[in-house]
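Listed below are the residues making up each chain.
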Amino acid sequence: MGESNNLVSGISTQNDSIAAAVMKERSEAESLKTAVGVVVNFLWMRLDKPIVIGVGILVLTWLVMRRSCLYLRHVLKCCQRRCFRTTFQKNSIDQKVDLMEYAVREWKGTTEAAKLMKKGYREVYKNHNIKHIRRVRGDNYCALRATLFQVLIRGLPLPTWIKEQDIVKIPEKLLYSQGCNWIQQYSFGPEKYTGINAFGKLRKCLEMLKSQWNEMNSIRDQEKREEMCKVLFSDEDKEYKLYEAVKFLMLYLVIEFYEEMKNGGNFPGFVTFLFARDTSSDPLSFMMNHLNHIGDTGGLEQIEMFLLGYSLELKIRVFRISKYKTEEFQSIYPEEYGREWQEVILLTEDDRHYNIPVIAK
């Protein structure tokens with residue numbers, strides 16, 4: 001969550017470098033002009049043909065000024081490019097662009113891999129009515145960002161299980177009713193182990209998710225929803241609270257599934273594979289070895305994509321472009337889903353970075 005401070009520090013350093021370069025160039029230009037002035041005065045006084053010399057002086061002066069102007073133009077272009085990059089970094093979801101133009105721009109080469117990727121994009125473009133794409137900031141919240149953005153911009157309803165209880169009270173419920181004091185070791189992305197304060201921070205994250213989701217769902221005007229999402233996904237503090245809330249809801253369901261397994265109850269099929277991993281044999285190890293890394297050093301693995309879909313009651317369809325012409329080109333998370341669940345679609349090239357496809361109306 002320190003990305004904003006790092007960004008400001010980086011921009012400040014870049015601006016200082018530019019200013020230093022401009023001052024250096026200005027000093028060099030002034031020195032050159034002074035030297036030219038001395039030579040001009042000497043030649044004007046000593047030579048017999050001052051008119052010829054005068055023309056030469058004008059040409060030399062023009063060359064000096066032209067060099068300075070070209071450098072300043074270069075500096076201004078650099079500033080403009082940096083401002084553009086900063087703007088995109090603030091807006092974690094880019095504006096939509098043509099899907100095939102994006103594919104050609106990203107995969108310019110003639111290698112077999114580039115040809116395969118362009119064919120995969122062409123398949124999505126022609127046969128799945130997906131004509132545009134929104135580029136998503138490629139940090140380790142990427143899958144959560146791409147999924148939650150679609151939920152909110154479409155105004156989808158809250159999951160049934162979330163409607164049936166006050167999710168804001170879940171942290172205290174786990175602490176006092178189920179003895180899960182180990183949740184104090186929960187990590188908020190790069191922010192490690194906040195101790196007992198974790199419960200209060202989780203409560204604030206859940207309040208943010210609940211209020212934003214309810215608000216978006218209540219808005220019937222699509223343009224107004226889009227504008228509000230643009231503002232929301234430009235606010236890093238609010239945005240990351242949403243992702244941490246979703247992560248915690250995933251953890252809560254893992255705890256519930258674990259209890260069901262111990263007591264011989266019902267649970268989704270993917271849960272067996274989740275607990276079969278040596279690194280997530282119980283809820284604590286799942287949190288420490290997997291969930292705590294999301295948003296920091298790692299993103300969602302495929303088994304966590306199943307859990308994400310189940311937690312938000314979504315059918316997540318993913319086009320895996322690098323798997324073109326294989327059975328894995330389309331994957332559904334989870335494979336067992338309710339008939340009333342809404343579908344969201346993602347595009348990925350590497351199962352780490354996810355972009356948002358825009359279906360033509």
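No experiment lies behind these values; they were computed from the predicted model shown. (Residues numbered from 1 in each chain as written. Predicted model: local features only at pLDDT ≥ 70, side-chain atom pairs only at ≥ 80, totals over all residues. Heavy atoms only, no water.)

A.B. asks: What exactly am I supposed to notice about the overall build of the protein chain here?
C.D. replies: Helix and strand counts for the protein chain stand at 13 helices and six strands. Taking all 361 residues of the protein chain together, 42% fall into the buried category. By sequence separation, contacts in the protein chain at least 24 residues apart represent 73% of the contacts at least 6 residues apart. With the model as given, the accessible surface of the protein chain reaches about 19,900 Å², and the carbon-plus-sulfur share is 53%. (Helix = DSSP H or I, 4+ residues; strand = E, 2+ residues; numbered from the N terminus. Buried < 20%, exposed > 50% of the residue type's maximum accessible area, 1.4 Å probe, protein only. Contact = heavy atoms within 4.5 Å. Areas by Shrake-Rupley, 256 points an atom, 1.4 Å probe, with all protein chains shown as cover.)

A.B. asks: Honestly, the sheet that holds strand 5 (residues 342-348) in this entry has me stumped. Any pointers?
C.D. replies: Paired through their backbone hydrogen bonds, the strands of a sheet run either parallel or antiparallel. The strand order across the open sheet built from six strands is 1-2-6-5-3-4, with neighbouring strands paired in mixed fashion. Of all the strands in the sheet, the pair left with one neighbour each is strand 1 (93-98) and strand 4 (330-333). Mean inter-strand twist for the sheet, computed between neighbouring axes without regard to direction, equals 30 degrees. When strand 5 meets strand 6 (residues 354-359), the two strands line up antiparallel, connected through two bridges. Within the sheet, the bridge partner assigned to Leu-347 lies in strand 6 and is Asn-355. Sheet strands touched by helix 4 (residues 112-127): strand 1, strand 2 (130-136), strand 3 (314-320) and strand 5. Its angle to strand 2, the strand with the most contacts, is close to 125 degrees. (Pairing = 2+ DSSP bridges. Axes fitted to C-alpha atoms, helices over the stretch in contact; angles between N-to-C directions.)

A.B. asks: What exactly am I supposed to notice about the pairing of strand 6 here?
C.D. replies: Consecutive residues of a regular strand have side chains that alternate between opposite faces of the sheet. Among the six residues in strand 6, five count as buried, and that is most of the element. The pairing of strand 2 with strand 6 spans four bridges and is antiparallel. The partner of Ile-130 across the bridge, within strand 6, is Ile-359. Between the antiparallel neighbours strand 5 and strand 6 lie five residues, among them Asp-351 with a positive phi of about 65 degrees.

A.B. asks: Help me out: how do you make sense of the nonpolar core in this one?
C.D. replies: Most often, soluble globular proteins keep nonpolar side chains buried together rather than apart. Formed by 75 residues in total, the largest nonpolar core has its most connected members in Leu-152 and Met-305. With residues up to four places along the chain from it excluded, the contact list for Met-305 reads Ala-143, Leu-300, Ile-316, Val-318, Tyr-333, Leu-346 and Tyr-354. Leu-99, Met-100, Phe-319 and Ile-345 belong to the second largest nonpolar core, which has 15 residues in total. (Core = buried A, V, L, I, M, F, W, Y, C linked by side-chain atoms within 4.5 Å.)

A.B. asks: Looking at this model, I keep getting lost on the packing of helix 5 (residues 142-153) against helix 10 (residues 236-262). Mind explaining?
C.D. replies: If you want to describe how two helices pack, look at the angle between their axes and the distance between the axes. Taken N-terminus to C-terminus, the directions of helix 5 and helix 10 make an angle of 100 degrees; their axes are 11 Å apart at the nearest point. Classed by the angle they form, the pair helix 5 and helix 10 counts as roughly perpendicular. In this structure, helix 5 contributes Leu-144, Arg-145, Leu-148 and Leu-152 to the contact, and helix 10 contributes Glu-239, Tyr-240, Leu-242, Tyr-243, Val-246, Lys-247 and Met-250. When grouped by side-chain class, the residues that make up the contact of helix 5 with helix 10 number eight nonpolar, no polar and three charged. (Parallel < 35°, antiparallel > 145°, perpendicular 65-115°, else oblique. Nonpolar A, V, L, I, M, F, W, Y, C, P; charged D, E, K, R; others polar.)

A.B. asks: I keep staring at the pattern of salt bridges and nothing clicks. Help me out?
C.D. replies: Pairs may arise between side chains of opposite charge once their charged atoms sit close together. Tallying each qualifying case throughout the model produces 20 salt bridges. Where Glu-172 meets Arg-203, a salt bridge forms, and the shortest distance between an N and an O atom there is 3.7 Å. A residue pair is termed long-range when its members are at least 10 positions apart, and Glu-172 in helix 7 (residues 170-176) and Arg-203 in helix 8 (residues 197-218) qualify at 31 residues. Overall, the relative accessible area of 30% leaves Arg-203 in the partly exposed class. (Salt bridge = Lys/Arg side-chain N within 4 Å of Asp/Glu carboxyl O.)

A.B. asks: Hey, could you run me through the packing of helix 8 against helix 10 in this one?
C.D. replies: Here helix 8 crosses helix 10 at 105 degrees, and the two axes come no closer than 8 Å. One finds that helix 8 runs roughly perpendicular with respect to helix 10. Within the contact between the two elements, helix 8 uses Leu-202, Cys-205, Leu-206, Met-208, Leu-209 and Gln-212 and helix 10 uses Lys-238, Lys-241, Leu-242, Glu-244, Ala-245, Val-246, Phe-248 and Leu-249.

A.B. asks: It is not clear to me how the side chain of Glu-304 should be interpreted in this structure. Could you clarify?
C.D. replies: Topologically, Glu-304 is positioned in helix 13 (residues 302-311). Looking at Glu-304, the relative accessible area reads 2%, which means it is buried. Among residues more than four places away in sequence, those in contact with Glu-304 are Met-250, Arg-277, Phe-286 and His-290.

A.B. asks: Can you walk me through helix 4 in this structure?
C.D. replies: Quick reminder: α-helices carry 3.6 residues per turn. Residues three or four places apart thus point the same way. Across its 16 residues, helix 4 extends 22 Å between first and last C-alpha, which sits within 8% of the 22 Å expected from 1.5 Å per residue. Every buried residue belonging to helix 4 is among Ala-114, Met-117, Lys-118, Gly-120, Tyr-121 and Val-124, and all of these are buried. End-on, the buried residues of helix 4 take up no more than an arc of 155 degrees, which puts them together on one face. Residues of helix 4 that are exposed and point over 90 degrees away from its buried face: Glu-112, Lys-126 and Asn-127. Contact partners of the buried residues in helix 4: helix 3 (99-106), strand 2, strand 3 and strand 5. Following helix 4 by one or two positions, Asn-129 adopts a phi angle in the positive range, close to 60 degrees. (Expected span 1.5 Å × (residues − 1). Arc of directions from axis to C-beta.)

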